[in-house]
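# Observations on the three-dimensional arrangement
The primary structure of each chain is shown beneath.
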Amino acid sequence: MSQAHDASLIMQDGHGDGHGEGHAHEHHPFHQHHFTTMEQQFDASKIGMWLFLATEILLFGGLFVGYGIMQSRHLEAFVAGHHHLDWKLGALNTCFLLISSFTMVMAVWAASNNRNGNKRGVLITNLLLTLGFAGGFMVVKYFEYSHKLHDGLLPGKFFSYTGPDAVPNMFVFFSFYFMMTGLHGFHVLGGMGAITYLIIRSIKGDYSSEYFTPVDLIGLYWHLVDLIWIYLFPLLYLIT
Amino acid sequence: MADVIASPAVHTGDHGHHADYLSDPQHKGIWSWMTTVDHKRLGVMYLWAVLLAFLVGGVFALLVRLELMNPGEDFMTAEQYNQAFTLHGAIMVFLFIIPSIPAALGNFVMPLMLGAKDVAFPRLNLASFWVYVAGAVMAVTSIVVGGVDTGWTFYTPYSTSTGGAVTMMTLSVFVLGFSSIFTGINFIATVHKLRAPGMGWFQLPLFVWGIYATAIIQVLATPVLGITMVLLIMERAFNIGIFDAQIGGDPVLFQHFFWFYSHPAVYIMILPGMAIISEIIPTFSRRTIFGYRLIALSSVAIALIGFLVWGHHMFTSGQSALAASIFSFLTFLVAIPSGIKIFNWIATMYKASISLNTPMLYATSFLLLFGIGGLTGIFLGALSVDIHLHDTYFVVAHFHYVMMGGTVIAFLGGLHYWWPKMFGRMYNETVARIACALVFIGFNMTFLTQFFMGSQGMPRRYYTYLDQFQPLHQFSTFGSWVLGAGLLIAAVNLMGALRGPKNAPDNPWGGTTLEWQTQSPPITHNFAGQPAIEHNPYDYRYFKVPSDAV
């Protein structure tokens, strides 16, 4: 079924009490037929995104609970493990994500105030900056991972570190380190894909104060990715 | 005008006959079905998919029962038996019951009941269907490439050490979870934003309330199952040390994670069943439902309390006595909203002019069977009793009374209720009643016996048994044949109707909710105009039962 408008859809049979009139005169190209107004469409999308974010929190929640229980079981191993993480690199990445959240907010602001293309440049610039900081985060992550790989500080059966500070069960810490940062990293990559999509559509001039739902929603998602890192950073890098 | 919930003919008559969603000339051919974003077509596709899963899961059930005719090996080895009951459980839970009512009937009916043109996110709905198909294909693949013998619960440490295709099966469960989440998100947004003008929260049909409560659980519980499955796969593949006690992990943690999803999932299964019963009973009693608000809110209460009772699956796992007592108490609490529903349904039927058409026969069966299933749940929620009954056939019988006697019976009732709306064709009423009777008798033969066996100590999942249990096991197996025959007759009857002419009236049962106001089958865009709501649902004072109602 196409999203196109069909004359029969708009047909009212006398029961319209204000809700039904909206779409009869206004046809935004991104207005989907089953919504009466653009506002209704926007609100529905926003509810959908918040629910999706709730599922994300619960997805990570399982890992956080697992981390908490395993940390209390193998406290010594977790403390020894965390000494192998470079908190400076973690802090740098925290800064990257925090700034990228700011540029994302600016992008949403630009999109929602974009009238006749007057904020299009600001929008595209800020999306590019966000993408750049996300890329920076992944580059730092790459160096951290390759360092661990070199030292044999790997999850589960791949753990091969035999240094003087090796403790039994240290591999459990690195299991969680790689699973948590790995899952988070996938979310960063997914976010980068989504932001790229936003950039392409912004260049096409799709977003304006009347329709900026994707920018708003991906913005929300991006803040969650940032927020999860805010919890991961102290949990993995700063515990003693 | 004043009487919106009037005979539907008044409204469709104004606009003449529209092409229905099945035969719309603009949307023809297989490809138009595979890429459809119409919630009705997706509901129908989901329906065929879950019915196929039900058939496969049912065949495994019959095989399990057949093997149990005699102690020892009949025609399956012990390993094959383990695989058969695992596949029965996993397919029935993940591929059939969880998507059955919400994704098939809910998808079809709920937007109609809201007076909406579609769900909030039609493309997400399509994605949900294909993700389901992908998960189903993976589940089938896991059978082919080695089978799974862990039971549907995938308990560690067995599941991290056994061979076979456990990784593939758990990956399939992970994928199916996405499908469930997509449906849940979609339905919540739909209920919030796409209600017809004038339809407040307490004008929602009770089916919508039930589906809404279900969607909340789907969204909040399923991600935890997802991460649990990922952790299990990681443990199998890389020995990450979370669930395997030999390398410092905690197998009981897996049980906590698993039941944090899977107990709420029980309510994902039963709430939509209750939702259907809440529609059928007022319609066939021709009476305003008793205690509308209590029924509506008790669905939400069940959804919320359901998150706090997972520990009752683990009374014998060595969790603390305090935790076990709290879980036991919370489990008892679930009985309150469930009881509220039962009593309100019965109060609705009291002194009403009841017509015992097939959907109503299923609904009354539900009341009895779910009553037994629910009350035996109280037995099992009691700590001291559970120590005795844990892992026996009593548990098996209990949850089959809830899942099959509750959800599946309600699903069948809903199928017979909405079949004329979905396909525009009436089935043979007499045959449908005979099928219903056989299902009811066969079901009780199969599972009532299992209560006795369980209370005498017959452990679940065992391949063989002591000779003293043989008469009951055989009776149970005979019952499974009666049950299978009933289901087969119901299927042939419903499918056979599809070959007949489109003879169903728009509102064959005299239902008051909006789906009965449009054509049978509905037009592509659901309603000729935007319906509006001026009365509460089930308010028969303002409703004229159409003359062509059965």
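Residues numbered from 1 in each chain as written. Chains lettered and ligands numbered in written order. Predicted model: local features only at pLDDT ≥ 70, side-chain atom pairs only at ≥ 80, totals over all residues.

Quick look at the overall build of chain A now. Of regular secondary structure, chain A possesses 7 helices and 0 strands. When the elements of chain A are put in sequence order from the N terminus, they spell out α-α-α-α-α-α-α. Of all 240 residues assigned to chain A, the portion counted as buried reaches 37%. Sequence-distant contacts in chain A: of pairs separated by 6 or more residues, those separated by 24 or more amount to 72%. (Helix = DSSP H or I, 4+ residues; strand = E, 2+ residues; numbered from the N terminus. Buried ≥ 20, exposed ≤ 12 C-beta atoms within 10 Å, placed from the backbone. Contact = placed C-beta atoms within 7 Å.)

Per-chain confidence: chain A averages 89 in pLDDT, with 89% of residues scoring 70 or above. Taken together, the stretch residues 1–25 of chain A has pLDDT below 50 and engages in 42 contacts with residues farther than four places along the chain or on a different chain. (pLDDT = per-residue confidence, 0-100.)

This part covers unusual backbone geometry. Note: most peptide bonds trans; most residues except glycine with negative phi. Residues and elements named next belong to chain B. At the junction of Thr156 and Pro157, the peptide bond is cis and its omega measures out at 0° in the coordinates. Structurally, Pro157 is set in the loop between helix 5 (122–144) and helix 6 (158–161). Residues Ser520 and Pro521 are joined by a peptide bond in cis, for which omega reads -15°. Within the element layout of this structure, Pro521 appears in the segment after helix 16 (470–498). With a phi angle near 50°, Phe154 is a residue other than glycine that sits in the positive phi range. Tracing the backbone shows Phe154 in the loop between helix 5 and helix 6.

When a protein is soluble and globular, its nonpolar side chains tend to lie buried together. All names here are of chain B. Ranked by internal contacts, the top residues of the largest apolar core, which has 229 residues, are Ile91, Ile188, Val208 and Tyr212. Counting residues per element, this core draws most heavily on helix 4 (residues 78–114), at 23 residues. Setting aside anything within four residues of it in sequence, one finds Tyr212 in contact with Phe187, Ile188 and Val191. (Core = buried A, V, L, I, M, F, W, Y, C linked by C-beta atoms within 7 Å.)

Quick look at helix 7 (residues 213–238) of chain A now. In a regular helix each residue adds 1.5 Å, so 26 residues correspond to 38 Å; helix 7 of chain A covers 37 Å between its end C-alpha atoms and thus fits that length. Of all the bends in helix 7 of chain A, the largest measures some 25° and sits at A:Leu232, one to four residues before the proline A:Pro234. (Expected span 1.5 Å × (residues − 1). Bend = angle between axes of the 7 residues up to and from the residue.)

Residues and elements named next belong to chain B. In contact at an axis separation of 9 Å, helix 9 (residues 251–285) and helix 12 (residues 358–381) are set at 120° when each is read in the N-to-C sense. It follows that helix 9 is oblique to helix 12 by the angle criterion. In this structure, helix 9 meets helix 12 at a crossing whose hand is left-handed. Contacts from Ile277, Ile280, Ile281 and Phe284 in helix 9 reach Pro359, Met360, Ala363 and Phe366 in helix 12. Within the contact of helix 9 with helix 12, the residues separate by chemical class into 8 nonpolar, no polar and no charged. (Axes fitted to C-alpha atoms, helices over the stretch in contact; angles between N-to-C directions. Parallel < 35°, antiparallel > 145°, perpendicular 65-115°, else oblique. Left-handed = near helix turned anticlockwise from the far one by under 90°. Nonpolar A, V, L, I, M, F, W, Y, C, P; charged D, E, K, R; others polar.)

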